[in-house]
Amino acid sequence: MTQALEAAKVNKELISQILYQFNQKISHLENQNTNSGLLSGLTGDLLFLYQLSQYNSELVDEIIFNEKLEFLQAQLLFCVERPDLSSGLSGQGWFLEYINQSQGTDYDPELCEEIDNILLNTLNVDNWKGEIEMVIGLSGIAMYAGRRQLKSASKSLFEIIIKHFENLAIQISENTLSWSQPSNSVYRFNKDEPEAFEYNLGLAHGVPSIIAAILPALKIPSLFDRTKRLLIQSCDWLLAQERQNKERMSCFSSSCNDDHDSRLGWCYGDLTIALTLARVGNALEMPLYVSKAKEISLHSAHRDEKEGMIRDAGLCHGSAGLVLIFQLLHQQLNEPQLLQAANKWLTYTLELYKNQELNGLHMYSGLTNKYEEDTGFLMGYGGIGLCLLSALGEDADWADSLLMA
């Protein structure tokens, strides 16, 4: 369970009102076979509805939920060629395993075995040629493997994932390594020079995603030493990318080739770099990583909406997402100022609603430069609702789906 925020206790009735409205919007969405994914489709909708039902079962229509779940399971047949987290098998499989694990003694160890086999078949290549980040790449498959590892004794998925990341790693120095965006990556900033090394620093698409994705492999004895090496050498490399100018708004840029300040958010920025370092530091008992994570987090806690480039409330790079990230950082670092920051951003989010009701919680589109209604997990109501539930003290262990837990 996350620690309930003071701002949530004071505004519990208002938050309940928002959650009710989100539920009405999301429950009545038409099921579409073109979008069953986690980040913006049916799987993300189900995650919100499931967590809301755990908070208050009377808020969610069980019949509607089960109909949506059955529809999702029927769509799995069409995901064999799409192993990714965003819209494919890894994200949908993660959700099925997530609710399966919540059943306690009724857990079915065989429920996701077919998904395991499909993903193993996808990974069973000598050289991985696809994306390496989490949204549509190898780190997203590793995220699913990490959830499975909580209950499954199988090490097959991580054995081949660790092998691929070892092969893809670029040895920067004797004691540091990193991973460059593939030449054909859709997430490359520099598409004019596809063969040039490009090191992305975002949790969504960069090196931090790989670090966070392989962290659960430490729990597999036969992979511990190899995983530890990858983690330490990549974290040491990551720390070397920190800017030396302490007057800058952000400690890290979005890419090694970029000198602009990064935003506050999940996808890019200091906060999720700090969270990743803290998680590795605590797992490996390395105080340096924990200390640096605290320093970076406290630097970020003072940034406002202008400095943080906050334009909406979404989970990806909005104010509600910051509430969750600061709560998770507090869990790792036990620093009171991080809870204060979480309360600050929760108050900010609730003010958006007070001023404009649901319109205040619309997504800001960088494509149209307009605010648009979005019900999804990553950018819209579903993700905001999950962050509000976490602010109320509900369990946020679902955050492993975004490599934050």
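Bear in mind that the values here come from a model prediction, so they are computed numbers and not experimental data. In every chain, residue numbers begin from 1 and rise along the written sequence. In keeping with the model being predicted, local features are shown solely for residues with a pLDDT of at least 70 and side-chain atom pairs are shown and tallied solely at 80 or more, while totals for entire chains, interfaces and linings include all residues. With hydrogens and water set aside, each side-chain value is computed from the structure's full complement of heavy atoms.

Once that is clear, we can look at the overall build of the protein chain. Comment: elements are numbered from the N terminus, with helices defined as DSSP H or I runs of at least four residues and strands as E runs of at least two. Looking only at helices and strands, the protein chain features 15 helices and 4 strands. Each radius of gyration reported is based on C-alpha atoms, and the globular scaling rule is 2.2 Å times the count of residues to the power 0.38. At 20 Å, the protein chain has a C-alpha radius of gyration in line with the 22 Å of a compact globule built from 405 residues. Scored against the burial criterion, the 405 residues of the protein chain give a buried share of 59%. Contact definition: two residues touch when any of their heavy atoms are within 4.5 Å. A sequence separation of at least 24 residues applies to 67% of the contacts in the protein chain between residues at least 6 apart. Exposure was quantified through the Shrake-Rupley algorithm and a 1.4 Å probe, taking into account, for residues, occlusion by the shown protein chains and nothing else. Accessible surface, the protein chain as shown: approximately 17100 Å² in total, 48% of it carbon and sulfur. Think of it this way: Lys and Arg go in the positive column, Asp and Glu in the negative one, and His and the chain ends go nowhere. The atom standing in for a charge is NZ when the residue is Lys, CZ when it is Arg, CG when it is Asp and CD when it is Glu. Where the 30 positive side-chain charges of the protein chain centre and where its 52 negative ones centre are 5 Å apart. Accessibility here uses a 1.4 Å probe with only protein chains present; expressed as a share of the type maximum, an area under 20% marks a residue as buried, one over 50% as exposed, and anything in between as partly exposed.

This part is about the state of the cysteines. Criterion for a disulfide: a pair of cysteine sulfur atoms at a distance within 2.5 Å. Going through the model one piece at a time under the given rule, you end up with 0 disulfides. We note that Cys267 lacks a disulfide partner, and the nearest cysteine sulfur, in Cys316, lies 3.5 Å from it.

This next bit is on the nonpolar core. As used here, the term nonpolar core means buried Ala, Val, Leu, Ile, Met, Phe, Trp, Tyr and Cys residues forming a set that is joined through side-chain atoms within 4.5 Å. Phe95, Ile161, Trp266, Phe326, Leu361, Trp398 and Met404 are the most contacted members of the largest nonpolar core, which has 137 residues in total. Leave out the neighbours within four places in its chain, and Met404 touches Leu203, Trp266, Thr272, Leu275, Arg279, Leu324, Ile325, Leu328 and Ala399.

Here we take up the packing of helix H2 (residues 12-27) against helix H3 (residues 42-55). Helix axes use the C-alpha atoms of the stretch in contact, all axes being lines fitted to C-alpha atoms, and the angles between their N-to-C directions lie in the range 0 to 180 degrees. At a closest axis distance of 11 Å, the pairing of H2 and H3 adopts a crossing angle of 140°. By the criterion of interaxial angle, the relationship of H2 to H3 is oblique. In the crossing of H2 with H3, the sense of the turn from one axis to the other is left-handed. In contact with Lys12, Ser16, Leu19, Phe22, Asn23, Ile26 and Ser27 of H2, H3 contributes Asp45, Phe48, Leu49, Leu52 and Tyr55. Residue type decides the class: Asp, Glu, Lys and Arg count as charged, Ala, Val, Leu, Ile, Met, Phe, Trp, Tyr, Cys and Pro as nonpolar, and the leftover types, Gly among them, as polar. Residues of the contact of H2 with H3, tallied by class, amount to 7 nonpolar, 3 polar and 2 charged. Angles below 35 degrees are treated as roughly parallel, those above 145 as roughly antiparallel, those between 65 and 115 as roughly perpendicular, and all remaining angles as oblique. A crossing counts as left-handed when the near helix is turned anticlockwise from the far one by less than a right angle, and as right-handed when that turn is clockwise.

Moving on to the pattern of salt bridges. Throughout this description, the term salt bridge denotes a Lys or Arg side-chain nitrogen within 4 Å of a carboxyl oxygen of Asp or Glu. Per the counting criterion, the structure on display carries 12 salt bridges. Across the pair Lys155 and Glu159 runs a salt bridge, and its minimum N-O distance is 3.8 Å. For Glu159, a relative accessible area of 33% gives the class partly exposed. Put simply, Glu97, Asp116 and Arg148 are held in one network by salt bridges that share partners.

The next thing to look at is a negative patch on the surface. The patch calculation keeps residues exceeding 30% relative accessible area without a salt bridge and links them within 9 Å when they carry like charges or within 5 Å when they are nonpolar (Val, Leu, Ile, Met, Phe, Trp, Tyr). Judged by side-chain charge, Asp61, Glu62, Glu67 and Glu70 come together as a negatively charged surface patch. For Glu70, the location among the structural elements is in helix H4 (residues 62-75).

We now examine the side chain of Ser209. Secondary-structure assignment places Ser209 in helix H9 (residues 207-214). When near neighbours in sequence (up to four residues on either side) are disregarded, Ser209 contacts Glu133, Met134, Ser139, Gly202, Leu203, Ala204 and Leu403.

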